[in-house]
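# Chain and residue survey
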Amino acid sequence: DWALEAAAAAGDALRVARATAGRGELWYCRASALSCRLQTAEQVEDVRLLARKSIAATREALGALRDLGLGVSRLSVSLLKDEGKVHGFLASIFGGDDGALSRARLSEALKVQGLLEEAGLDRERDNIRRLLKIGPDPAPDEIDEGAFTLNGDHIDGILDDARR
């Protein structure tokens, strides 16, 4: 809870989402550990409750990511996978709709991962095209602004400094 409180106090919505997701993962870990020695109806309900709390925290974190414009991110893929995992865990013990929910979240995680991979490929293609456009030894007036990149950031400032 301290990580969540610190993030909230700092007004850092992304850290709040990460801390919320972390809390959800901890609840799942506890549920999983408890499931290894189920002996009473109360223990069964504790496992169900902890797993449901995990799902709720993960969904809350996913909602926050989407609100921040990070619905298509590595973190969102990880959280969708985690939610699918917990639904699968519940389905393995209790059956019900959790099996279908698990498959749905895992499929969504794959879809978002595919979008990320395609976006990365598009950026690489664009960079290659820009580099091909300017050729191996361009004259200064042939250099297309933004053609060179360094870690994804334009180095126009570096080139301007070099000219001075």
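What comes next concerns the included structure. Since we're looking at a predicted model, the values are computed, not measured.

Another point: helix α4 (residues 74–94). Along its 21 residues, α4 runs 30 Å from first to last C-alpha, staying within 8% of the 30 Å computed at 1.5 Å per residue. For α4, the complete set of buried residues consists of Leu75, Ser76, Val77, Leu79, Leu80, Asp82, Glu83, Gly84, Val86, His87, Phe89 and Leu90. In the segment just after α4, Gly95 is the residue with positive phi, at about 75°.

Moving on, we come to the packing of aromatic side chains. Per the stated rule, a full pass over the model turns up one aromatic pair. Consider the rings of Tyr28 and Phe89, whose centres lie 5.4 Å apart with planes at 90°: the pair is edge-to-face. In this pair, Tyr28 sits in helix α2 (residues 13–35) while Phe89 sits in helix α4, placing the two residues 61 residues apart along the sequence. The burial state of Tyr28 is the same as that of Phe89; both residues are buried. Positioned above the aromatic ring of Phe94, the side-chain terminus of Arg48 is 3.8 Å from the ring centre.

With that settled, consider the packing of α2 against helix α3 (residues 41–67). Axis separation between α2 and α3 bottoms out at 8 Å; the angle between their running directions is 160°. The angle between α2 and α3 places the two elements in the roughly antiparallel class. Crossing handedness for the pair α2 and α3: left-handed. Along the contact surface, α2 presents Leu14, Ala17, Thr20, Ala21, Gly24, Glu25, Trp27, Tyr28, Arg30, Ala31, Leu34 and Ser35, while α3 presents Asp46, Val47, Leu50, Ala51, Lys53, Ser54, Ala57, Glu60, Ala61, Ala64 and Leu65. Of the residues in the contact of α2 with α3, the class split is 14 nonpolar, four polar and five charged.

Cut-offs used in this document
- Residues numbered from 1 in each chain as written.
- Predicted model: local features only at pLDDT ≥ 70, side-chain atom pairs only at ≥ 80, totals over all residues.
- Heavy atoms only, no water.
- Helix = DSSP H or I, 4+ residues; strand = E, 2+ residues; numbered from the N terminus.
- Expected span 1.5 Å × (residues − 1).
- Buried < 20%, exposed > 50% of the residue type's maximum accessible area, 1.4 Å probe, protein only.
- Phe/Tyr/Trp six-rings, centres within 6.5 Å; stacked < 30°, edge-to-face > 60°.
- Lys NZ or Arg CZ within 6 Å of the ring centre and 35° of its normal.
- Axes fitted to C-alpha atoms, helices over the stretch in contact; angles between N-to-C directions.
- Parallel < 35°, antiparallel > 145°, perpendicular 65-115°, else oblique.
- Left-handed = near helix turned anticlockwise from the far one by under 90°.
- Contact = heavy atoms within 4.5 Å.
- Nonpolar A, V, L, I, M, F, W, Y, C, P; charged D, E, K, R; others polar.

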